[in-house]
Amino acid sequence: MKILSADQIRALDAYTIKNEPITSIDLMERASVTFVNWFIKRFKPHREVYIFCGPGNNGGDGLAVGRLLTHVQYSVKVFIFSSDRYSKDFDINLKRLEKLVTITKINSKEDIPILSIGGIVIDAIFGSGLSRPVGGLYADIIKSINDSKVTRVAIDIASGLFCDANNEDPVKLKVDYTFTFQLPKLSFLFPQNEDYTGCWVIGDIGLNKSFIESQSSAFTYVEEEEAFSVVKPRSKFSHKGDYGKVLIMAGSYGMMGAAVLSGKSCYRAGAGLVKFHSPRCGVQILQSSLPEAILSVDPEENFISSLPDISGFNTVAAGPGWYEGAESAFLLQQIFENKNINLVLDAGALNVLSKNKELLNALPQNTILTPHPGEFKRLAGEFSNDYSRLEGLRKFSQRYKCIMVLKGANTMVALPDGNVSFNSTGNPGMATAGSGDVLTGIIAALLAQGYSPAMASKLGVYLHGYAGDRAASKSGTASIIAEDIIDGVKDFYLEFDKKYSASL
Ligand SMILES: NC(=O)C1=CN([C@@H]2O[C@H](COP(=O)(O)OP(=O)(O)OC[C@H]3O[C@@H](n4cnc5c(N)ncnc54)[C@H](OP(=O)(O)O)[C@@H]3O)[C@@H](O)[C@H]2O)[C@@H](O)CC1
Ligand SMILES: [K+]
């Protein structure tokens, strides 16, 4: 799903109105009906509902929502603001609502209502048309709502949040839910906006799909349909050689678990053959934890010091559980000399790169780097906010022609062509030791099976999050351990098999 800018959304709105065709007031009605259908499923009518409506079309939506909720017996109190310019559709909806309920105009601070505890605030002050930081009476209202013990629901986007740009100004409405129209907004995907986004839901209001397709955007949001559509079914006559050979260079004394987790997830995600290159201390651990894997043994007891013969492997995964000494830098240098191999680097390998930045210039094209935010900071430096970090990630990927997988909620995958996809699966329970090792194994497995590095990264991240969500559905978020995520990989392929046989 594409993520469009506020300007593109405005053009999409206008295009739909002209070409469907539909009048703008009817489109507003459709959007409001969609919102209300969702709202009444979630909130019972016994709670007091306060709707704050700004002067534009977001306010117009609020007024239409007020009317629709009144029709289904919700007790609604509606507030508007003095303005010298209301939108046309605001005015129309104001007239429609005035016949049903008393509307309060807020002219000064004294008019700001006290909100009853347990009430619900519907925020229709500003939507995608916010053009500058919020001040004056609007700011007073937002602060007052933020201080009240109510549930807050934003129509389209919380007031004070820009769709696609940073707003340093502290005046933004904190919300529990955002019901947004048609497409996710870039700002929903950043940790810094968590309080101003809450749980967000997309309502399909029938905006023109071919116009959306025609728009160029560097940003996409990967959801179920797209992810499953790229999974390759297995041919009846295939054999293990068709699914690739992965060499995992992971683990050191006390850290062999990282290698086990990467290897297991690599097999679960479909690799034909997994071979570990292990320090001597890891031999027993690996052979007994993963009998399916084969082993090459390093001369060193406690860490990997040398590169085995990698001819015959199409994929190498390196870094989980790594010792981060000078030997590892030399090892990376040797690995980088093999330009025709698919490569995933994680954890220790990333830290070795951070300490030896000159090595970045030798990265084979399309190498996949999977840093968490701390590792990315060590690689690329600090950024003042999440928007500039996104730009930093894009630049890094473009500069070193590598694929950057920045892990977190909505993991970002930045490609050397400047495009970035955001992931839709996963949950906070996946913030647990070993979760990253599992992702490394999954991405390596997909690379080995012939997915392009870009596809292996995007699908791998989706699959990893999906597996984590399945794990959460069985054991609850807080108790997920990395092994559970590996188990969840089975559920992904089970779902794929079902979808695939249903499609035949
Ligand atoms: N897109 C779609 O497909 C559909 C969109 N729909 C809805 O329309 C919404 C977008 O509506 P919109 O364009 O009228 O913008 P909106 O957010 O109401 O604000 C504009 C007003 O606020 C003012 N203003 C701005 N910033 C300000 C500030 N800091 N402080 C004070 N004033 C400020 C601005 O004034 P100006 O900047 O012109 O001075 C103008 O008066 C969208 O979010 C969705 O809810 C649906 O109905 C149907 C389908
Ligand atoms: K809003």
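Here the structure is a predicted model, which is why all the values come from computation and not from measurement. (Residues numbered from 1 in each chain as written. Chains lettered and ligands numbered in written order. Predicted model: local features only at pLDDT ≥ 70, side-chain atom pairs only at ≥ 80, totals over all residues. Heavy atoms only, no water.)

Ordered by their spatial adjacency, 10 strands build an open sheet running β8-β17-β16-β15-β14-β13-β12-β9-β10-β11, and the pairing between neighbours is mixed. Looking at the sheet topology across the chains shown, the edges are occupied by β8 (219-222) and β11 (294-297). Where strand β12 (residues 315-318) lies against strand β13 (residues 342-345), 4 bridges are found, and the strand directions are parallel. Its bridge partner being in β13, T315 is matched across the sheet by N342. Set on the sheet, helix α8 (residues 256-268) makes contact with β9 (245-249) and β10 (273-278); between it and β10 the angle comes to about 170 degrees. Against the sheet, helix α14 (residues 435-448) contacts β9, β12, β13, β14 (368-369) and β15 (403-406), and its axis sits at roughly 175 degrees relative to β13. (Pairing = 2+ DSSP bridges. Helix = DSSP H or I, 4+ residues; strand = E, 2+ residues; numbered from the N terminus. Contact = heavy atoms within 4.5 Å. Axes fitted to C-alpha atoms, helices over the stretch in contact; angles between N-to-C directions.)

By domain assignment, the chain separates into domain 1 (6-217) and domain 2 (227-496). Its C-alpha centre places domain 1 at a distance of 41 Å from the equivalent point of domain 2. On the side of domain 2, 9 residues touch domain 1, which itself brings 14 residues to the contact. The largest per-residue losses of area from domain 1 upon contact with domain 2 belong to L189, F190 and Q192, which jointly make up 55% of the total buried on that side. The tally of links from domain 1 across to domain 2 stands at 0 salt bridges. Our enumeration of links across domain 1 and domain 2 arrives at 4 residue pairs in polar contact (both at pLDDT 80 or more). Residues belonging to the side of domain 1 that touches domain 2 are distributed by class as follows: 7 nonpolar, 5 polar and 2 charged. (Domains from an automatic or database assignment. Buried area = accessible area lost by both parts, 1.4 Å probe. Salt bridge = Lys/Arg side-chain N within 4 Å of Asp/Glu carboxyl O. Polar contact = N/O pair within 3.5 Å; in protein donor to acceptor, adjacent residues only side chain to side chain. Nonpolar A, V, L, I, M, F, W, Y, C, P; charged D, E, K, R; others polar.)

With that settled, consider the packing of aromatic side chains. How two aromatic rings sit relative to each other is given by the distance of their centres and the angle of their planes. Counting across every chain of the model gives 32 aromatic pairs. Pairing F303 with Y323 gives two aromatic rings, centres 4.2 Å apart and planes at 25 degrees, and the pair type is stacked. Taken together, the residues span a long stretch of sequence, with F303 in the loop between β11 and β12 and Y323 in the loop between β12 and α10 (326-336) at a distance of 20 residues. Here F496 and Y500 contribute two aromatic rings whose centre-to-centre distance is 5.7 Å and whose plane-to-plane angle is 20 degrees, an arrangement assigned as stacked. Placement of both F496 and Y500 in helix α16 (residues 482-503) is noted, with a separation of 4 residues, approximately one turn of the helix. Grouped by ring-pair contacts, the aromatic residues F35, W38, F39, F43, Y74, Y177, F179 and F181 constitute a single cluster. Here K172 stacks its cationic end above the ring of Y196, 5.2 Å away from the centre of that ring. (Phe/Tyr/Trp six-rings, centres within 6.5 Å; stacked < 30°, edge-to-face > 60°. Lys NZ or Arg CZ within 6 Å of the ring centre and 35° of its normal.)

We now examine the packing of α14 against α16. In the contact formed by α14 and α16, the axes pass within 8 Å of each other and the chain directions differ by 35 degrees. You can see that α14 and α16 cross each other, and the crossing is right-handed. Contact with α14, carried on its side by S435, V438, I442 and L446, involves A482, I485, I486, V489 and Y493 of α16 and no other residues of that element. Residues belonging to the contact of α14 with α16 are distributed by class as follows: 8 nonpolar, 1 polar and no charged. (Left-handed = near helix turned anticlockwise from the far one by under 90°.)

Right, let's talk about the pattern of salt bridges for a bit. Across all of its chains, the model carries 15 salt bridges by this definition. When the shortest N-O distance is used, the salt bridge between D204 and K209 registers 3.5 Å. The class for D204 is partly exposed, based on a relative accessible area of 49%. In this structure, E324 engages K355 in a salt bridge whose closest nitrogen and oxygen atoms are separated by 3.2 Å. You can see E324 sitting in the loop between β12 and α10 and its partner K355 sitting in helix α11 (residues 347-355), a full 31 residues away along the chain. The exposure class of K355 is exposed, given its relative accessible area of 55%. Three or more residues joined by partner-sharing salt bridges are found here, namely E29, R67 and R96. (Buried < 20%, exposed > 50% of the residue type's maximum accessible area, 1.4 Å probe, protein only.)

Not every one of the 24 residues close to ligand 1 is listed here, only the nearest: N58, D61, G127, R132 and D156. With respect to ligand 1, the side chain of D13 contributes an N or O atom lying 3.4 Å from an oxygen atom. At 3.2 Å from a nitrogen atom of ligand 1 is found a main-chain nitrogen or oxygen belonging to P133. Protein contact buries 83% of the 930 Å² of open area that ligand 1 shows by itself. Those elements that place two or more of their residues in the shell around ligand 1 are α1 (6-19), α2 (24-42) and α3 (57-71). Of all the elements, α3 adds the most residues to the shell around ligand 1, at 3 residues. (Near = heavy atom within 4 Å. Areas by Shrake-Rupley, 256 points an atom, 1.4 Å probe, with all protein chains shown as cover.)

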